[in-house]
Amino acid sequence: MKKIAVLNDISGFGRCSLSAALPIISAFGIQCCPLPTGVYSNQTGYDSFKSVDLTDCITPFASEWKKLGARFDAIIVGFVTSEEQGRELQKFIADFKQDALLVVDPIMADDGEMYKGFTKERVDAVCALAKSADVITPNLTELCVLCGREYSESLSTDDVREMSALTGVKTVVTTGIKSEREVITTVYNNGEFEVITAPKMGESFSGTGDIMVSYVTAELVRGTDVFTAAENATDFITRAIAETLKENEITPYRAEGIYFEKVLNSIK
């Protein structure tokens, strides 16, 4: 059975990070091997939360995996809690990358603003991980950070194509591109570029980036090309949002995420 190691935090409430990766990757018939980098009572989009940082556990846990002779078809790296954790994740990658596809979701900003707590050193750690990846899945703001470019809602898909190439990463799937009536995702792969659109429904929701990276990585491990993988992931997310809005007369609290559980059986 194929295996994907996912290095990310896990939240009791809020459909994001490992709480999304585990069921989605498993639905593809692929073993999801989680290495939690932190535990959260609920994800950080809620008004308050409690958390435990697990940076000190990464290397000891990885040592146990080495004893098992663990090998992976892909490695996903998500939320990085500190510069120190970034260094620990780099060690893990050095130990387990081998022939594995390295996918980094450079979580650090959105809507033109850095997330709270992201120092220059922490941003540098995320950027270093992203630049070493085979595939990255930034939103538009994160793509701008990676390229040292100022964010603007007026950036065009041509700008995104240019910035994708500037990252130096072979494959770049960019989400969160603003449009009045559409949600836009772009895919850059070794010089080729495609624009994927979906109808805009409701407000923005937390966790869709985690769903995108989990779905796309699972598709890539199964041998699907990245353009088809991103299109399928976009369709999955769109249907999950529709289910979310169908069960709520008003738009639900964005931190809860989308009801992807309702459409998991669509993954074949």
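Scroll up for the structure.
Residues numbered from 1 in each chain as written. Predicted model: local features only at pLDDT ≥ 70, side-chain atom pairs only at ≥ 80, totals over all residues. Heavy atoms only, no water.

**Some details on the sheet that holds strand E2 (residues 31-40)**
Right, on to step 1. Spatially, the 9 strands line up as an open sheet ordered E3-E2-E1-E4-E5-E8-E9-E10-E11, and their pairing is mixed. On the outer flanks of this sheet lie strand E3 (51-53) and strand E11 (192-199), each paired with one strand and no other.
Right, on to step 2. Here helix H2 (residues 55-67) sits on the sheet in contact with strand E1 (3-11), E2 and E3, set at roughly 155 degrees to E2.
Right, on to step 3. This element, helix H7 (residues 208-221), spans E1, strand E4 (74-77), strand E5 (101-104), strand E8 (135-136), strand E9 (171-177) and strand E10 (182-189) of the sheet and lies at about 170 degrees to E4. (Pairing = 2+ DSSP bridges. Helix = DSSP H or I, 4+ residues; strand = E, 2+ residues; numbered from the N terminus. Contact = heavy atoms within 4.5 Å. Axes fitted to C-alpha atoms, helices over the stretch in contact; angles between N-to-C directions.)

**Here's the deal with the side chain of Glu142**
Right, on to step 1. Inspection of the secondary structure assignment puts Glu142 in helix H5 (residues 140-147).
Right, on to step 2. Despite its burial, Glu142 pairs with no opposite charge; the closest candidate is Arg122, at 11 Å N-O.
Right, on to step 3. From its side chain, Glu142 meets the backbone nitrogen of Ala109 in a polar contact 3.4 Å long.
Right, on to step 4. Filtering out sequence-adjacent residues up to four positions away, Glu142 remains in contact with Pro106, Ile107, Met108, Ala109 and Tyr115. (Buried < 20%, exposed > 50% of the residue type's maximum accessible area, 1.4 Å probe, protein only. Lys, Arg positive; Asp, Glu negative; His and termini not counted. Salt bridge = Lys/Arg side-chain N within 4 Å of Asp/Glu carboxyl O. Polar contact = N/O pair within 3.5 Å; in protein donor to acceptor, adjacent residues only side chain to side chain.)

**Re the packing of H7 against helix H8 (residues 226-246)**
Helix-helix packing is described using two parameters, namely the angle between the two axes and the distance between the axes.
Right, on to step 1. Between H7 and H8, the least distance of the axes is 9 Å, while the angle of their chain directions is 140 degrees. Taken together, the axis directions place H7 and H8 in an arrangement best described as oblique. Crossing handedness for the pair H7 and H8: right-handed. Residues Thr208, Ile211, Met212, Tyr215, Val216, Glu219 and Leu220 of H7 lie in contact with H8, whose contacting residues are Val226, Ala229, Ala230, Asn232, Ala233, Thr234, Phe236 and Ile237. (Parallel < 35°, antiparallel > 145°, perpendicular 65-115°, else oblique. Left-handed = near helix turned anticlockwise from the far one by under 90°.)

**Brief notes about the packing of aromatic side chains**
Right, on to step 1. Using the criterion set out here, one finds 10 aromatic pairs in the structure.
Right, on to step 2. Ring geometry for Tyr215 versus Phe236: centroids 5.1 Å apart, planes at 40 degrees, classification tilted. On the criterion of sequence distance, the pair formed by Tyr215 in helix H7 and Phe236 in helix H8 is long-range, its members being 21 residues apart. Each member of the pair, Tyr215 as well as Phe236, carries the same accessibility label: buried.
Right, on to step 3. Here a set of aromatic residues connected by ring pairs shows up, and it is made of Trp65, Phe72, Phe92 and Phe96.
Right, on to step 4. Positioned above the aromatic ring of Phe118, the side-chain terminus of Arg122 is 3.7 Å from the ring centre. (Phe/Tyr/Trp six-rings, centres within 6.5 Å; stacked < 30°, edge-to-face > 60°. Lys NZ or Arg CZ within 6 Å of the ring centre and 35° of its normal.)

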